[in-house]
Amino acid sequence: MVGYDAEFWEQHYRTLDPAWGTSPNQTMVDTISALFPGAGAALELGAGHGGDALWLAAEGWTVTAVDVAQTAVDRIARHATERGLSDRVHAIRRDAATQPLPAGPFDLVFGSFFYAPGRDSIWRRAAETVEPGGALIIVDHGSSAPWSWNPVSHAHPTPQQVADALDLGSAWHAELLDTRTRLATGPGGQRAEVTDTIVAMRRKAA
Ligand SMILES: C[S@@+](CC[C@H](N)C(=O)[O-])C[C@H]1O[C@@H](n2cnc3c(N)ncnc32)[C@H](O)[C@@H]1O
């Protein structure tokens, strides 16, 4: 999947129901809960309407949620306030492709469906902010949902291909490379089975 520019995403969120995407992706919930329980400092890339960030903050984490679309960032902040989580969710507008990432250190860096120009090198930069023993979790599309605005006709990369493209080096090891099928809800309330690709990497303890 190609990455779109900031203007595309800004227009996307201006026309999107503000309530959509405020629940977490169950694949991300299950992966973090199973492999990295506890709490700490987390960085999310491409946070959208903040479903994952808000869930993680409610679990006790402090989350820096980055997105290129100001409309999305403003909505995350509003939802965090409404849920009493504003002290644990820091939503910031940043173009991760062209601007520096928050410095960290973080115990967890993660993102669901974060597709941006040069995203492998963005993930590598983000991985540098992870403490030894910490984790990087990527959930990607393993199939195109019927409501996708960018359906792909070719096969989606496998978890191993995603991990190989990251090329994190010998300081990291793969905790989980897998796919998972779940029932998802689209922006219009449509329901369909989708497949997620899971890449969970852990930085080796120093
Ligand atoms: C497919 S959406 C996924 C949103 C959310 N994680 C979710 O699962 O609903 C991709 C997100 O990445 C953001 N994004 C795209 N390019 C970006 C960039 N260069 N820097 C930061 N965020 C970016 C978009 O604004 C959008 O919110």
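- The name given to the chain in an unreviewed UniProt entry is Methyltransferase, with Saccharothrix coeruleofusca as the source organism.

**Details of the packing of helix α5 (residues 119–127) against helix α6 (residues 159–166)**
- Where α5 contacts α6, the axes come no closer than 9 Å and their chain directions differ by 70 degrees. Taken together, α5 and α6 sit at an angle that is classed as roughly perpendicular. On the side of α5, the interface is formed by R119, D120, W123 and R124, while α6 contributes V162, A165 and L166.
- Among the residues forming the contact of α5 with α6, the class breakdown is four nonpolar, no polar and three charged.

**Side note on unusual backbone geometry**
- The linkage connecting G104 with the following residue, P105, adopts the cis geometry, with an omega of 5 degrees.
- Following the sequence through the fold, P105 ends up in the loop between β3 (89–93) and β4 (106–112).
- Even without a glycine there, the phi angle at F113 is positive, about 60 degrees.
- Classification of F113 as partly exposed rests on a relative accessible area of 25%.
- You will see that D167, though not glycine, has its phi angle at about 50 degrees, which is positive.
- As for its position among the elements, D167 is in the loop between α6 and β6 (172–185).

**With respect to the pattern of salt bridges**
- Inspection of the entire model under this criterion finds six salt bridges.
- Note that R119 and D140 form a salt bridge whose closest N and O atoms lie 2.7 Å from each other. One end of the pair, R119, is in helix α5; the other, D140, is in strand β5 (residues 130–141), with 21 residues separating them in the sequence.
- You can call D140 buried: its relative accessible area is 3%.

**Topic: the packing of aromatic side chains**
- Under the defined criterion, the tally for this structure stands at five aromatic pairs.
- Between Y4 and F8, the aromatic rings sit 4.1 Å apart at their centres with planes inclined by 20 degrees, giving stacked as the arrangement.
- With a centroid separation of 5.0 Å and an interplanar angle of 90 degrees, the aromatic rings of F8 and W9 are classed as edge-to-face.
- Feature note: the residues Y4, F8, W9 and Y13 constitute an aromatic cluster, connected by ring pairs.

**Comments concerning the pairing of strand β2 (residues 62–67)**
- Within β2, five of the six residues are buried, leaving the element largely enclosed by the surrounding structure.
- Across five bridges, strand β1 (residues 41–45) lies against β2 in parallel orientation. Across the sheet, the residue bridging to A41 is T62, located in β2.
- Crossover connection from β1 via helix α3 (residues 51–58) to parallel β2: handedness right-handed.
- Bridging between β2 and β3 involves five bridges; their strand directions are parallel. Residue pairing for β3: A65 is matched across the bridge by A91.
- The β-α-β motif built from β2, the intervening helix α4 (residues 70–82) and the parallel element β3 has right-handed crossover chirality.

Analysis parameters
The numbering scheme is per chain: residues are counted from 1 as the chain's sequence reads. Local features in a predicted model are, by the rule used here, given only for residues with pLDDT of at least 70; side-chain atom pairs are given and counted only at 80 or more, and totals for whole chains, interfaces and linings are based on all residues. Side-chain measures were taken over the full set of non-hydrogen atoms in the model, leaving aside hydrogen atoms and water. Comment: axis = line fitted to C-alpha atoms, over the contacting stretch for helices; angle = value between 0 and 180 degrees taken between N-to-C directions. Only runs of H or I of at least four residues qualify as helices and only runs of E of at least two qualify as strands under DSSP, and these elements are numbered from the N terminus. Small angles under 35 degrees read as roughly parallel and large ones over 145 as roughly antiparallel, with 65 to 115 read as roughly perpendicular and the rest as oblique. Contact between two residues is taken to exist if any of their heavy atoms lie within 4.5 Å; hydrogens are not considered. Residues are grouped as follows: Ala, Val, Leu, Ile, Met, Phe, Trp, Tyr, Cys and Pro are nonpolar; Asp, Glu, Lys and Arg are charged; all remaining types, including Gly, are polar. Throughout this description, buried means an accessible area under 20% of the type-specific maximum (1.4 Å probe, protein chains only), exposed means over 50%, and partly exposed covers the range between. Salt bridge, as used here, is a side-chain nitrogen of Lys or Arg placed within 4 Å of a carboxyl oxygen of Asp or Glu. In summary, the pairing rule links any two rings of Phe, Tyr or Trp, Trp by its six-membered ring, whose centres are within 6.5 Å, and it sorts them by plane angle into stacked for under 30 degrees, edge-to-face for over 60 and tilted for everything else. Two strands pair under a simple rule: DSSP has to find at least two bridges between them. Orienting the strands away from the viewer, one traces the path from the first strand over the helix to the second; a clockwise path indicates a right-handed crossover.

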